[in-house]
Structure formats: structure tokens, C-alpha cells
Amino acid sequence: MELLPRSPAEFGSARYWDRFFRQRGQRAFEWYGAFPELCPVLHKYVRPRDKVLVVGCGNSELSEQMYDMGMCEDIVNIDISDAVIRQMQERSGSRRPKMSYLLMDMLQMDFPDAHFQVVLDKGTLDALLTDEEEATLAKVDQMFAEISRVLQVGGRYLCVSLAQAHVLKKAVEYFSREGWVVRVHQVAGSGDNQQFVLPVFVYVMTKFRKIPGSAPQILEICPEEQDKPMRVESVERLVAAVKDRQHYALLCSQLSKTPCREQVSLDLCDKESGKPRYTLHVVDSPSVKPSRENRFAIFIIPQGRETEWLFGTEEGRRQLATSAGFGRLVTVALHREQHYEGMAGIQAELSGKVMELAPPGLPARQQVPFLSVGGDIGVRAVRHQDTSPLSGEYVVEDVKGDGTCYFRRLIFLRNRNVVQSEARLLAPTPLPGQKKRRRDKKIPSPAEPPAAIDKSYLCCEHHKAMVAGLCLLGGPDPLPGASLAVLVVGLGGGSLPLFIHDYFSQAHVAVVEIDPSMLEVATRWFGFSQGDRMQVHLSDGLDYVAKLAAEAPAQYDTIMFDVDSKDLTVGMSCPPPAFVEKPFLQKVKTILKPEGIFVLNLVCRDARLKESVLATLRDVFPLLYTRRIEGEVNEILFCQPSPEGRRDPAELGARARALEGALREPGRPWDSSYVLADMLQAVRIL
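Residues numbered from 1 in each chain as written. Predicted model: local features only at pLDDT ≥ 70, side-chain atom pairs only at ≥ 80, totals over all residues. Heavy atoms only, no water.

(A) Local environment of the packing of helix α12 (residues 461–468) against helix α13 (residues 495–503). Between α12 and α13, whose axes approach to 10 Å, the crossing angle comes to 35°. Of the two possible hands of crossing, α12 and α13 adopt the one that is right-handed. Two secondary-structure elements touch here, α12 through His463, Met466 and Val467 and α13 through Ser495, Leu496, Phe499 and Ile500. (Axes fitted to C-alpha atoms, helices over the stretch in contact; angles between N-to-C directions. Helix = DSSP H or I, 4+ residues; strand = E, 2+ residues; numbered from the N terminus. Left-handed = near helix turned anticlockwise from the far one by under 90°. Contact = heavy atoms within 4.5 Å.)

Here's what the structure looks like:
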């Protein structure tokens, strides 16, 4: 039996619907949205004494169920199909005397103006608005004009729809332009009994008298899990919010049927502000043999640790899932702008939502474990937040690391998953919300002076490698006591230049930083200070190097580039592309002493771009060493202007051990995990 129309235009044809309902017989046809799902929304907007018009009623049971449940009895149903109207009159005539069925075209209704308090449309607009041809849009405008005419001021047009973008946009634009209040409800699903993967929505358009001039639009969305509507500022944002919920429904449907080959990422937003509250990654482990106990788990990443390799990279999360021994693991990262009420509060908040991401075959009442490191959600305290004209929004925050250590971090919010600078705090002290242990000192609040920074500790592995590269410098004097001229481009929190200044007693360090805000941050929050052997020049590194090359060549023993790119569209986040162009690199070589070394922190995800950068470096510097940083994208390049400085691994190791011995002076603190020879073990010549 062929029930589908030959073309979308047939959805508006009385002949098609007559044939459809004759062939279908007495069986009710519900497009979508069964009464139990729609009932909570209908109860909000349909009152028992309302006069209700149902347009395009078909043989849906919705009107009958509303009548039988006592929701409303004065219901008029209209349709263009004579066959279905006669069928419904026979079915309901004697049983529901206050409800009527009339043969009528909703585009040309016979009712007087302002006759109804509610117009209800279940799938009729979706059936009519099948395309955006001029003739179709004219019919829709006529439909809306008739609905507007027969509704009283204060009346509601309730439209049940799958909310295709063009349908939603047309309805919202039309009625908001007329001065109506528009609210979109997402209808709660009915689990495995849902006919459609896509969620069902109800547009609620409330009629107001049109105010002359440009009255503000009132547009709202009400997600299924909350009653309180959220205001949105434009039609485009409302359509985008609905589309987000449709994509989420499709994703959940896909995840419930098949394992995901690639990791899936999504944000769950705060109900009040609409800002991201949780970032979830769904990770499936094919190597884990599933059983009833290990199918599914949730892992809460402690605050401040979301940037670590294990939690912040695909490979790390894959290893975490395998180590945890679960077929599907959902990792949950917490956002710094949000407040959380401990592990129990997060579990209560997420329990219902994460079950929508459960793997296929998980029993409905299966208990799902919530995991974390040490059983808590970690500690994070924002010490300072501001905006720089050059670097954008940034925060300085203190976080608890693994064990008892606490760290201070600088984060640029345009790239919030990357730690820009990091320093260890001297005392393993509790942050606000953390229980205080004996002998622990209280970390000051943001209004108090900042806690002391451990300047002997280099948090960043790439900084350790950059310092170890100084072993490549020649000369008969022991390096720590040798007179060194060092240029560092890129200040950040100042850890790298501070370490060189403090441990190389005769080193004179010049730092070039383009952003004055970063100098202020480094000084106030990271213990940085200037002096006779440490000077900061506020300048563009490109201009500073070019000026030196013209005025004073061959003056630096070491030049270090640790400067980030502000342009996130390029596949290289460090340094900016202009810093590795051949003409500029030749200027760098000009200000470097013949036996000196140029150290570059390269962070490049674009393989072709990286090869191009390496080729340019080889053109300018005859001797090039590279050191990959394990678990990170960073690669440290050591460039020398003369091939005569080449050293074999054994010699490098010996020089590293000698340098470390000289640096470890009695009474001077030294990070025991920092072994220079280990940092140089993986160095290779390009």
C-alpha cells in the first residue's frame, strides 16, 4: 500500500489526504509527539475553559486524549480531508459531545476574528513547509495570518514540530516581527519508545498587540530538563540552540547503537548563564573485553589538571580508558568559571545526562561508577583575571597538582587548554575549600600578597630542555661562572630567564616582551624582577632583533625564542610564522656569536609547515639538533652557526654531567628530578 506522497506538494492536497486516510483505515496516525510526552507542555498553555482550535487534525488521538483527561472540552478540529473528518465524527460524535470536527481549509477559515484562546498544530506546519519555494512560503504566510486573525490577544499558537531550521526560522521570524512572544520547548523523550531520533519541539507563540515602532523581540528556549526558560538575543541564536539539541540527540542515538571509532567531545552548559560547565570526551576501548561490571564509567578530571597529557590529549585519554579497564569511559573536565559542590554534587548533576551516552547493551538500571584521582575534584583558585589588548583575556590561577604540590599558572583564555606559564609554589598549602593539614600555611587570598615562587623548579619540560642545550656552548671556563650574554624573546611568567639568571652567576639576560601586561603579571604573580643582570625590553621581538642586527652584530652567546603566536588559524602556535622566515633568521644569526647557540621552542601540528620551517633553519644554520618533548607537541631546536661545533652523544652527556655538578652548589636548591644528561639523551642531529 503506497501512502507516501509522490512530491512534497501533495502534503497540501485534499485528494492526497483523502486517499491516505481511506487506505490507512481507522488506525490513528501520529506524526510524532505522543500525548504523554506533550502533556506537560500542553498543561502549561491550555486551560480547561479555553476554546481550542486544532488545525490539520487528521485522525490523531491528541484532541480525544485532551478531552478525556479533562484538560479541555471546547475543541474544534479542522482538516481538508473529507474522509478523515467523517471518520473522526463517527469515532467521537456521541462520546465527546462538546468537541467538533469540521471540513475546512486552515488557509481560509470561516471563524470570526479573535474566536479562540488556543490554536494547536501537530505536524501541520512541518507538512506544509516542505521547501522554501515562493508559492510554499505564500501559503505559510496565509496560514499564519489566519491563525493570527482567529486568536484573541493573549492567545497561544502551539506548534508541535521537528524544528527543521527553515521551518523554525520562518515561524519565529513571522511572529516575533508581529510583536508576539516566542518560546520553544523541547519535549521530553520517552526512551526506547521514541519513533524519531530527532527530539520533538513545541513552539509557543503568544499574541500581543503590535506596538508601533521597533519593540524588542522576546525569544526564549526551554530545554526538556528545566522549566525556567532561557532568553536568547536573536532568531539566529534560537535556531542554533535548537540545532545543538538536535545534534546532541543524534549523537546519543549513534552512541547507543555502535562503539565510537573516534573520540567524541561535547560541552554541557550552565542552565543560567549558558556558558560551558562540563566538557565531556567519550572514549571507547576495543581492547577491553566488556562484562556487566566494566561496560561504562565516568571519570571526573580534577580541577586544574585538564591540561595534563593523560587528560588533555586523545592518546592520553585512550590510555586512561584502557588502564581503568572500561569499555567506554566518559572523561569530564570542569570549567574554571563554574562553582561545584564536590564529587557528590557533580554526580547528582550528571547522572541523568551521562546515561544518555551509555554504550549499547547497558542494562537500564545498571549502576555506573564515578571515578577520579584520589576521590576528589581537585582545587582551583583564580588569583587574577584581566584582559590584555595583545593577548586577550587571561587568568592567573593556583591549582593542586599530583600529590602535595601546588602550582601557579598563566592561561590565555583564547586557548584555555594550554598552560602558558607555570611555577611551583614553595609551600604545599591548602587552597580555599581544601582541608588544612598540620604545618600547612594558608595560601593568601587574591587580595593578599602572592605566595612565594620556587624559582629553582622549572615546571615546563621544554624549558628544561632549553636550559640543557647550553651544554652545546664551547669555551674553557666552567659554564655557570662564565660570562654569558643571553637574549630571551618571550617573557610569559618569567621562569626561563629567572632560572638562567639565578643559576648562571655571570649571565646577563635581556628579555624582549611585546605585551606590557605580561611584564606586570610576571612581576606581581610569578616572582620576576629586574636588576643589573636582568633587563626587560618592551618591544616586538622582530623589531628588536632587526635593530640589533643593524647596530651591534655578534653579541650574544645564546638566543632563545619562547614566544607564542596570537593567530590560532595557523597550524603553528609557537613561534609566530614571521619569526622563522629566512630573512629574519639571518638577522638572528648576525647577532649570535660564531660559537653561540640559537634555541627555538617549536610547536607545530601542521606536518608540511613544520618541514618547511626545518628546511629554512637548515639553510641558515649549518648545525641543527632537535629534542622532542615526550607527550607534547613541543620540539626544541638547537641551531649553531658553524658545523665545527658538532658534538657526539658521549661528549654531550659528559658536558651535561659536568654542568649539572657545577650548578648544584652546596646550599642552593635543586630539583632532583632535573637531570641535564637525561634531557640531552634524546637529542639528535638533523
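(B) Main features of unusual backbone geometry. Cis geometry marks the peptide bond from cysteine 574 to proline 575; its omega dihedral reads -5°. By secondary structure assignment, the location of proline 575 is in the loop between β23 (572–574) and α16 (582–591). For alanine 163, which is not glycine, the phi torsion reads 60° and is therefore positive. Mapped onto the secondary structure, alanine 163 falls in the loop between β5 (151–161) and α7 (165–177). Taking the relative accessible area as the measure of exposure, alanine 163 reaches 1% and is therefore buried. Of note in this structure, alanine 554 is not a glycine but carries a positive phi near 50°. Mapped onto the elements, alanine 554 comes out in the loop between α15 (541–551) and β22 (556–561). What makes alanine 554 partly exposed here is its relative accessible area of 39%. (Buried < 20%, exposed > 50% of the residue type's maximum accessible area, 1.4 Å probe, protein only.)

(C) The sheet that holds strand β17 (residues 406–412), seen in detail. Here 4 strands make up an open sheet; going across it, the order is β15-β16-β17-β18 and the pairing antiparallel. The open sheet has two free edges, formed respectively by β15 (380–388) and β18 (419–424), since each of these has just one partner strand. Looking at each pair of strands side by side, their axes are set apart by 15° on average, direction ignored. Bridge analysis of strand β16 (residues 392–400) against β17 gives 7 bridges, and the strand direction is antiparallel. When the bridges of β17 are listed, valine 399 appears paired with phenylalanine 407. Lying on the sheet, helix α14 (residues 516–525) is in contact with β15, β16 and β17; it crosses β16 at an angle near 20°. (Pairing = 2+ DSSP bridges.)

(D) Up close: the state of the cysteines. As enumerated under the stated definition, the model contains 0 disulfides in all. No disulfide involves cysteine 460; its sulfur sits 6.2 Å from that of cysteine 459, the nearest cysteine. Using a relative accessible area of 11% as the deciding quantity, one classes cysteine 460 as buried. (Disulfide = S-S within 2.5 Å.)

(E) Molecular detail of the sheet that holds strand β1 (residues 52–55). The 9 strands are arranged β3-β2-β1-β4-β5-β7-β6-β8-β9 in an open sheet whose pairing can be described as mixed. Because the sheet does not close on itself, it has two edges, and the strands there are β3 (100–103) and β9 (230–232). Geometrically, the sheet is characterised by an average inter-axis angle of 20° between neighbouring strands, direction not taken into account. Across the sheet, α7 lies against β5, β6 (181–186), β7 (201–206) and β8 (219–222), angled at about 10° from β7, the strand it touches most. Relative to the sheet, helix α8 (residues 235–257) contacts β6, β7, β8 and β9, its axis offset from that of β8 by approximately 15°.

(F) Up close: the pairing of strand β13 (residues 328–334). In terms of burial, β13 is largely enclosed, as 7 of its 7 residues are buried. Burial of the side chains of β13 extends over both faces: Arg328, Val330, Val332 and Leu334 are buried on one face and Leu329, Thr331 and Ala333 on the other. As paired elements, strand β11 (residues 276–284) and β13 share 7 bridges and run antiparallel to each other. Within β13, the residue paired with threonine 279 across the bridge is alanine 333. Note: strand β12 (residues 296–300) against β13, 5 bridges, orientation parallel.

(G) Molecular detail of α7. Taking 1.5 Å per residue, 13 residues should reach 18 Å; α7 reaches 18 Å between its end C-alpha atoms and fits that length. Within the sequence span of α7, burial applies to His166, Val167, Leu168, Lys170, Ala171, Val172, Tyr174, Phe175 and Ser176. Looking one or two residues past α7, glycine 179 carries a phi angle of roughly 90°, positive in sign. (Expected span 1.5 Å × (residues − 1).)

(H) Spatial organisation of empty space enclosed by the protein. Tallied over the entire structure, the rule returns 2 cavities of 30 Å³ or more. Around the largest cavity, the lining residues are Ala423, Ile453, Asp454, Lys455, Tyr457, Leu458, Gly493, Ser495, Leu498 and Phe526. Tallied by class, the residues present in the lining of the largest cavity amount to 6 nonpolar, 2 polar and 2 charged. As for the second largest cavity, its lining consists of Ser421, Glu422, His463, Gly493, Gly494, Ser495 and Leu496. Those elements that provide at least two residues to the lining of the second largest cavity are β18 and α13. In the lining of the second largest cavity, the residues fall into 1 nonpolar, 5 polar and 1 charged. (1 Å grid on protein atoms, 1.4 Å probe; cavity = no way out; pocket = protein on both sides within 12 Å on 5 of 7 lines; lining within 4 Å. Points joined across faces, edges and corners; volume = space filled by probe spheres on them. Nonpolar A, V, L, I, M, F, W, Y, C, P; charged D, E, K, R; others polar.)

(I) Region of interest: the environment of serine 285. Among the structural elements, serine 285 can be located in the loop between β11 and β12. Spatially, the C-alpha atom of serine 285 lies 6.5 Å from that of alanine 321, the residues being 36 residues apart in sequence. Ignoring any residue separated from it by four or fewer positions in sequence, one finds serine 285 in contact with Arg318, Ala321, Thr322, Phe326 and Gly327.

(J) Spotlight on the environment of glycine 403. You can see glycine 403 is positioned in the loop between β16 and β17. Residue classification places glycine 403 among the partly exposed residues on the basis of a relative accessible area of 38%. Considering only alpha carbons, one finds glycine 403 and glycine 374, 29 residues apart in sequence, at a separation of 9.2 Å.

(K) Examining the nonpolar core more closely. Grouped together as the largest cluster of nonpolar side chains are 44 residues, with contacts concentrated most on Leu53, Leu125, Tyr157 and Tyr203. With 6 residues, α7 is the single largest residue contributor to this core. Aside from chain neighbours lying at most four places away, what touches leucine 53 is Val76, Ile78, Met109, Phe111, Phe116, Val118, Val119, Leu120 and Val150. Membership of the second largest hydrophobic core comes to 42 residues, among which are Leu484, Ile500, Phe638 and Leu659. (Core = buried A, V, L, I, M, F, W, Y, C linked by side-chain atoms within 4.5 Å.)

(L) Representation of the pattern of salt bridges. By the definition in use, this model includes 33 salt bridges. Between glutamate 64 and arginine 91 there is a salt bridge, with the nearest N and O atoms lying 2.8 Å from each other. Here glutamate 64, found in helix α3 (residues 62–68), pairs with arginine 91, found in helix α4 (residues 82–92); they are 27 residues apart in sequence, far enough to count as distant. Classification of arginine 91 by relative accessible area gives buried; the value is 18%. Note that arginine 86 and aspartate 82 form a salt bridge whose closest N and O atoms lie 2.9 Å from each other. Residue arginine 86 and its partner aspartate 82 are both found in helix α4; the two are separated by 4 residues, about one turn of the helix. Given the relative accessible area of 38%, arginine 86 is considered partly exposed. Shared partners join several salt bridges into a network, and the residues in it are Glu64, Asp68, Arg91 and Arg96. (Salt bridge = Lys/Arg side-chain N within 4 Å of Asp/Glu carboxyl O.)

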